[in-house]
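Report on the structure
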Amino acid sequence: MGYYAGHTALIDISGDSNNVHAEQTNDGLKSVDIDLSGDGHSVISTQTSDGSHTSTIDLSNGGGAYSLSVTQDSNTSQTYSLSGTCYTANGCAVSVTQN
């Protein structure tokens, strides 16, 4: 087995019925920081390939929950940040792919 760079997931949830799936594979530093406030959020974070990837996610429920999917899949470094409050009763959907 070879040496692989560190992978880190920091997840802070304040609320009920939230779902988080964080996947980090391959080499390269991987870091995801997820902070959820309120109920009903769904977050999928996928960091793959050998690039160093960083995601910072800070979501609040202001009357609606977020449905967020972030994919970082490249051998080059990628950074993504989202901070927001969803005020829409039917929820807010965001999908991001970095290749």
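This is a predicted model, so every value here is computed, not measured. (Residues numbered from 1 in each chain as written. Predicted model: local features only at pLDDT ≥ 70, side-chain atom pairs only at ≥ 80, totals over all residues. Heavy atoms only, no water.)

1. Describing the state of the cysteines
Our working definition: Disulfide: a pair of cysteine sulfur atoms within 2.5 Å of each other.
According to the stated counting rule, one finds 1 disulfide in the structure shown. Across a sulfur-sulfur distance of 2.2 Å, Cys86 and Cys92 are joined as a disulfide pair. With the S-S dihedral at roughly 85°, the linkage between Cys86 and Cys92 falls on the right-handed side.

2. Observations concerning the pairing of strand S3 (residues 30-37)
Applied cut-off: Exposure is judged per residue with a 1.4 Å probe applied to protein chains only, and the accessible area is read against the type maximum: over 50% gives exposed, under 20% gives buried, and values in between give partly exposed. Only DSSP runs of H or I covering at least 4 residues are called helices, and only runs of E covering at least 2 are called strands; the numbering of each starts at the N terminus. Two strands make a pair as long as DSSP finds a minimum of two bridges between them.
Only one face of S3 is buried, namely the one carrying Lys30, Val32, Ile34 and Leu36, since none of Ser31, Asp33, Asp35 and Ser37 on the opposite face is buried. The pairing of S3 with strand S5 (residues 53-61) spans 8 bridges and is classified as parallel. Bridged to Ser31 within S5 is Thr54.

3. Description of the sheet that holds S5
Stated precisely, the cut-off is as follows: Each axis is a line fitted through C-alpha atoms, taken for helices only over the stretch in contact, and angles between the N-to-C directions span 0 to 180 degrees.
In spatial order, the strands read S1-S3-S5-S7; together these 4 strands make up an open sheet with parallel pairing. The two strands at the open ends of the sheet, each matched to only one other strand, are strand S1 (7-14) and strand S7 (78-86). The average angle at which neighbouring strand axes cross in this sheet is 0°, direction not considered. As paired elements, S1 and S3 share 8 bridges and run parallel to each other.

4. Considerations on the pairing of S7
Because side chains alternate across S7, one face comprises the buried residues Gln78, Tyr80, Leu82, Gly84 and Cys86, and the other comprises Thr79, Ser81, Ser83 and Thr85, none of which is buried. Looking at chain direction, S5 and S7 are connected through 9 bridges and run parallel. Bridging from a neighbouring strand, Leu59 pairs with Gly84 of S7.

Fair warning: the whole summary comes from geometry, so function is off the table for now.
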